[in-house]
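Chain residues, written in single-letter form:
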Protein chains: 2
Amino acid sequence: MATGFGFQVAASDGRARTGVITTPRGKIRTPAFMPVGTAGTVKAMLPESVAATGADILLGNTYHLMLRPGAERIARLGGLHRFMNWTRPILTDSGGFQVMSLSDLRKLTEDGVTFRSHVDGSRHFLSPETSMEIQRNLGSDIVMCFDECPALPATGAVVAKSMALSMRWAQRSREAFGDRPGHALFGIMQGGVNLALREESAAALTAIGFDGYAIGGLAVGEGQEAMFGVLDHAPGFLPADRPRYLMGVGKPDDIVGAVERGIDMMDCVLPSRSGRTGQAWTPRGQVNIKNARHQDDPRPLDENCSCPCCTGYSRAYLHHVLRAREIIASMLLTWHNLHYYQHLMQGLRDAIAAGQLAGFVADFHTKRAAGDIAPV
Amino acid sequence: MATGFGFQVAASDGRARTGVITTPRGKIRTPAFMPVGTAGTVKAMLPESVAATGADILLGNTYHLMLRPGAERIARLGGLHRFMNWTRPILTDSGGFQVMSLSDLRKLTEDGVTFRSHVDGSRHFLSPETSMEIQRNLGSDIVMCFDECPALPATGAVVAKSMALSMRWAQRSREAFGDRPGHALFGIMQGGVNLALREESAAALTAIGFDGYAIGGLAVGEGQEAMFGVLDHAPGFLPADRPRYLMGVGKPDDIVGAVERGIDMMDCVLPSRSGRTGQAWTPRGQVNIKNARHQDDPRPLDENCSCPCCTGYSRAYLHHVLRAREIIASMLLTWHNLHYYQHLMQGLRDAIAAGQLAGFVADFHTKRAAGDIAPV
């Protein structure tokens, strides 16, 4: 592990495990869910509120930040932590995924990707070397290798070719990253839903050697069954003494299934993005607060939830401010969703530590199957 | 005064005065600035944050709330305080001003105003009696009489006729309000910029008898000089032992000038609305954070300000999140502006109590004249 970093597994239950990643900026309890702070903010939240939900780490997006306000500007201003007023650890992605999904006029070569900004049309270049430089300018605690994630559907040959390129880029990322005490570098396994490619990718990454290992190229439209099919095996291809990070996952039931299969870290925009459109999660499943059934309901989203949204506001109020397009709707629902996600992670960690994960998971599914409370 | 209400002037300095309005829901330190919570929320703020800025009372808009979510619904849900999670006093306007400025297809008669909702086109009727009923349903602590505010420019005859109608409506409002212990009713002086009409209006209201007196029909486009011209005399037409409320004012220098002229209460959307468009106020005047001069500025908006925006974030960050249209820009700038307004009110109260208002006002204008800090 990089100087200042450590990972201790405290307990296992089946393939699931709980532990702590230690970093110079604080501890990350695993399994960990990382809220996404795309452009230097977890949308509709103040950073102290994100911390209050129990988040030990958040994710920043290299692609967005390099385009606006610019990584060199953030470096001059003291780095991303100071810029966005977040003192705990930050993981940054490499930009590789979003340059393929968001930018215009991409041109991919062995060297890297040339593209036009979706913000202002300006021309940019991302490669393993430039991505490492940008993430260094941001001051990220956990840096991700620059990789390629092929668009689905893709043929086996395309996935294999792309994985091989990502492994060459992983080697170049490792060399460009160098030795940076206090900063960790994670490799990213690719290979789609092909287990042989996944194993080959894991072997290539392990040979290079990283502080942690991500599983990329999932949660991109293949469906939960196919994703779990990969996760039944892929974590086992990776070193047990390093954190395993499943990128871009997911819904609460995706998270539970991933943790059962040995995943230590996850990130997703879902709790924050859904909050802004009136979708809330509770132990009873998803609630669409926009629905007219809530307009006279004096009860909170979840009577057992201790978040500011549930302790202070009725479903009727949330329905009203969402319909009236008031900013407080995004603020309260995002806070609730992030609180619920972190509460779920704490439940998973406690259950694994107690050796009671199977019971916890059964209870999780039973409560969701019962559905939301009946209308008033 | 209504049962449970009181107003004590603690000190005067020239025509300015400082004191306390006591209500069953808490004290209101005067001169008081009331943030506007139009539709059951001070936009982009949690209510505990509004309280943290030092606001003792906020204003709710009858027109907006009657249309969505509806006053009867709010009554069923326990009243506006509980609905929006605000425990301190609330003043509601009568709907009279906004029905003229926001609704469609108005028809004004002696009885009241028929109009179509700007939200969904539905037909509604507002009169002194229905306005009192709606404000009772909302559970407002300070209820405003239903009045008419003529659109500018208006001839003297139109203003005189409108003022006379408002005085008849004030009488009907008083009768419809009845005796409601714990709830106060304020009359509204009209008369445009005509001092004789203002004096006549004040005499009519005083004859009816109210718990407080508002000055309406100003800050509607007449300009600061004309407004101050009215305020040089109009407060003196009203009983000295009751609060005087200047409706819809204003910019910081409007507020200072109004307090100098004997005003005890004010409200305005400006600090919250401007926050959402990147306009901030500091003792050095107005700052447009959207301006490119701030993009590399590591300094806060105001180095002497103790609000969360100024203690945690640089101008460069605020510039970035505003440009990126992130919700946190509205959250931070609104918080700062409301904090600055309340800080200004505290300064005015302290200066009046110390008999040093003239020096405070001179300093206020000197600092503003110096302008914003030089670019980095």
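Conventions used here
Residues numbered from 1 in each chain as written. Chains lettered and ligands numbered in written order. Predicted model: local features only at pLDDT ≥ 70, side-chain atom pairs only at ≥ 80, totals over all residues. Heavy atoms only, no water. Helix = DSSP H or I, 4+ residues; strand = E, 2+ residues; numbered from the N terminus. Contact = heavy atoms within 4.5 Å. Areas by Shrake-Rupley, 256 points an atom, 1.4 Å probe, with all protein chains shown as cover. Lys, Arg positive; Asp, Glu negative; His and termini not counted. Charge placed at Lys NZ, Arg CZ, Asp CG, Glu CD. Pairing = 2+ DSSP bridges. Axes fitted to C-alpha atoms, helices over the stretch in contact; angles between N-to-C directions. Phe/Tyr/Trp six-rings, centres within 6.5 Å; stacked < 30°, edge-to-face > 60°. Buried < 20%, exposed > 50% of the residue type's maximum accessible area, 1.4 Å probe, protein only. Salt bridge = Lys/Arg side-chain N within 4 Å of Asp/Glu carboxyl O. Polar contact = N/O pair within 3.5 Å; in protein donor to acceptor, adjacent residues only side chain to side chain. Nonpolar A, V, L, I, M, F, W, Y, C, P; charged D, E, K, R; others polar. Least-squares fit on C-alpha atoms with pLDDT ≥ 70 in both. Parallel < 35°, antiparallel > 145°, perpendicular 65-115°, else oblique. Left-handed = near helix turned anticlockwise from the far one by under 90°. Core = buried A, V, L, I, M, F, W, Y, C linked by side-chain atoms within 4.5 Å. Expected span 1.5 Å × (residues − 1).

## Overview of the overall build of chain A
Point 1. Looking only at helices and strands, one finds 15 helices and 16 strands in chain A.
Point 2. Its C-alpha atoms give chain A principal-axis dimensions of roughly 60 × 45 × 40 Å.
Point 3. Contacts spanning at least 24 positions in sequence make up 66% of the contacts within chain A whose residues lie at least 6 apart.
Point 4. When the accessible surface of chain A is summed, it comes to about 13,800 Å², and 51% of that surface belongs to carbon and sulfur atoms.
Point 5. Here chain A carries 38 positive and 36 negative side-chain charges, and the mean point of each set is 5 Å from the other.

## What to know about the sheet that holds strand S5 (residues 58-60) of chain A
Residues and elements named next belong to chain A.
Point 1. Taken together, eight strands build an open sheet; the order of strands is S4-S14-S13-S12-S11-S10-S6-S5 and the sheet is parallel. The two strands at the open ends of the sheet, each matched to only one other strand, are strand S4 (32-35) and S5. Strand-to-strand, the axes of this sheet are offset by a mean angle of 25°, without reference to chain direction.
Point 2. The sheet contacts of helix H7 (residues 156-177) involve strand S10 (142-144) and strand S11 (184-189), and relative to S11 the element is tilted by about 175°.
Point 3. Across the sheet, helix H14 (residues 327-353) lies against S4 and strand S14 (265-268), angled at about 165° from S4, the strand it touches most.

## Side note on unusual backbone geometry
It is generally the case that most residues other than glycine have a negative phi and that most peptide bonds are trans.
Point 1. Residues A:Val249 and A:Gly250 are joined by a peptide bond in cis, for which omega reads 0°.
Point 2. Of the consecutive residues B:Thr30 and B:Pro31, the connecting peptide bond is found in the cis state with omega at -5°.
Point 3. Considering the arrangement of structural elements, one finds B:Pro31 in the loop between strand S3 (26-30) and strand S4 (32-35).

## Quick look at the packing of aromatic side chains
Point 1. The tally for this structure, following the rule as stated, stands at 16 aromatic pairs over all chains.
Point 2. A ring pair is formed by B:Phe33 and B:Tyr341, whose centres lie 4.8 Å apart and whose planes are at 55°; its orientation type is tilted. With B:Phe33 in strand S4 and B:Tyr341 in helix H14 (residues 327-353), this pair connects stretches of sequence that are 308 residues apart. In terms of burial, B:Phe33 and B:Tyr341 fall into one category: buried.
Point 3. A connected cluster of aromatic rings, assembled from ring pairs, spans A:Phe33, A:Trp281, A:Tyr340 and A:Tyr341.

## Digging into the sheet that holds strand S2 (residues 16-23) of chain A
Residues and elements named next belong to chain A.
Point 1. The sheet built from three strands is open, its strands ordered S1-S2-S3 with antiparallel pairing. This sheet does not close on itself; its edge strands, each paired only once, are strand S1 (6-13) and strand S3 (26-30). On average, each strand axis in the sheet is tilted by 15° relative to the strand beside it, whichever way the strands run.
Point 2. Bridge count between S2 and S3: five bridges; the pairing is antiparallel. Counterpart to Thr22 in the pairing with S3 is Lys27.

## Examining the interface of chain B and chain A
Point 1. Between chain B and chain A, the contact holds 38 residues from the first and 38 residues from the second.
Point 2. Across the chain B-chain A interface, the total number found is six salt bridges.
Point 3. Between B:Asp296 and A:Arg76 there is a salt bridge, with its nearest N and O atoms 2.9 Å apart.
Point 4. On the surface where chain B and chain A come into contact, there are 14 residue pairs in polar contact (both at pLDDT 80 or more).
Point 5. In terms of residue class, the side of chain B that touches chain A is built from 20 nonpolar, seven polar and eleven charged.

## A word on the pairing of strand S15 (residues 279-282) of chain B
All names here are of chain B.
Point 1. Side chains of S15 alternate between two faces, with Gln279 and Trp281 and Ala280 and Thr282 buried alike.
Point 2. As judged from the four bridges shared by S15 and strand S16 (residues 285-288), these two strands associate in the antiparallel manner. Bridge assignment links Gln279 to a residue of S16, and that residue is Asn288.

## Some details on the environment of A:His118
Residues and elements named next belong to chain A.
Point 1. Positionally, His118 belongs in the loop between strand S8 (113-116) and strand S9 (123-126).
Point 2. The partly exposed category is assigned to His118, whose relative accessible area is 37%.
Point 3. Through-space distance from the C-alpha of His118 to that of Leu67 is 8.7 Å; in sequence the pair is 51 residues apart.
Point 4. If near-sequence neighbours (up to four positions away) are discounted, His118 is found in contact with Tyr63, His64, Leu67, Leu102 and Asp104.
Point 5. One polar contact links His118 to Tyr63, side chain to side chain, over a distance of 3.0 Å.

## What to know about the relation of the copies chain B and chain A
Turning one copy of the chain about an axis and sliding it along that axis gives the other copy, so a rotation and a shift relate them.
Point 1. Here chain B sits on chain A after a turn of 180° about the axis and a move of 0.0 Å along it, with an RMSD of 0.0 Å. The superposition operator between the copies reduces to a two-fold rotation axis. Ranked by how close their C-alpha atoms come to the rotation axis, the residues of chain B are headed by B:Ile327, at 3.8 Å.
Point 2. Looking at the interface residues of chain B, 100% of them are also at the interface in chain A, so both copies use one shared face.

## Side note on the packing of helix H6 (residues 128-138) of chain B against helix H7 (residues 156-177) of chain B
Residues and elements named next belong to chain B.
Point 1. Contact geometry of H6 with H7 gives a least axis separation of 8 Å together with a crossing angle of 45°. Of the possible angle classes, the one that applies to H6 and H7 is oblique. Relative to H7, H6 is oriented so that their crossing is right-handed. Contacts from Pro128, Glu129, Met132 and Arg136 of H6 reach H7 at Trp169, Arg172, Ser173, Ala176 and Phe177.
Point 2. A class-by-class count of the residues in the contact of H6 with H7 yields five nonpolar, one polar and three charged.

## Details of the packing of helix H13 (residues 315-323) of chain B against H14(B)
Residue and element names in this part refer to chain B.
Point 1. Two elements in contact, H13 and H14, have axes whose closest approach is 7 Å; the angle formed by their N-to-C orientations is 130°. When the axes of H13 and H14 are compared, the pair comes out oblique. As for the relative orientation of H13 and H14, their crossing is left-handed in sense. Contacts between H13 and H14 involve Tyr317, Leu318, Val321 and Leu322 on the former and, on the latter, Ile328, Ala329, Leu332 and Leu333.

## Considerations on the nonpolar core
Point 1. Ranked by size, the top nonpolar core spans 148 residues in total, and within it A:Leu301, B:Ile215, B:Leu231, B:Leu246, B:Met266 and B:Leu301 carry the most contacts.
Point 2. Here this core gets 15 residues from one element, more than from any other, and that element is H14(B).
Point 3. If we skip the residues at most four places from it in the chain, B:Met266 touches B:Ala32, B:Phe33, B:Met34, B:Tyr245, B:Leu246, B:Val249, B:Ile255, B:Ala258, B:Val259 and B:Met345.

## Some words on H14(B)
All names here are of chain B.
Point 1. With 27 residues, H14 ought to run about 39 Å at 1.5 Å a step, and its terminal C-alpha atoms sit 39 Å apart, in line with that.
Point 2. Counting buried residues along H14, 23 of its 27 residues qualify, which places the element largely inside the surrounding structure.
Point 3. One or two steps after H14, the chain reaches Gly355, where phi turns positive at roughly 65°.

## Let's talk about the pattern of salt bridges
Point 1. For the structure on display, the rule yields 34 salt bridges over all chains.
Point 2. Residue A:Lys43 pairs with B:Glu326 through a salt bridge whose shortest N-O separation is 2.6 Å. Residue A:Lys43 is located in the loop between S4 and helix H1 (47-52), and its partner B:Glu326 is located in the loop between H13 and H14; the two belong to separate chains.
Point 3. Overall, A:Lys43 belongs to the partly exposed group, its relative accessible area being 24%.
Point 4. One salt-bridge network, held together by shared partners, links A:Arg15, A:Asp232 and A:Arg261.

## Quick notes on the environment of B:Arg17
Residues and elements named next belong to chain B.
Point 1. Its place among the elements puts Arg17 in strand S2 (residues 16-23).
Point 2. For Arg17, a relative accessible area of 5% translates into the label buried.
Point 3. For the pair Arg17 and Met189, spaced 172 residues apart in the sequence, the C-alpha separation amounts to 20 Å.
Point 4. Among the polar contacts made by the side chain of Arg17, one reaches the main-chain carbonyl oxygen of Arg242 at a distance of 2.9 Å.
Point 5. In terms of polar contacts, Arg17 uses its side chain to reach the side chain of Asp264, at 2.8 Å.

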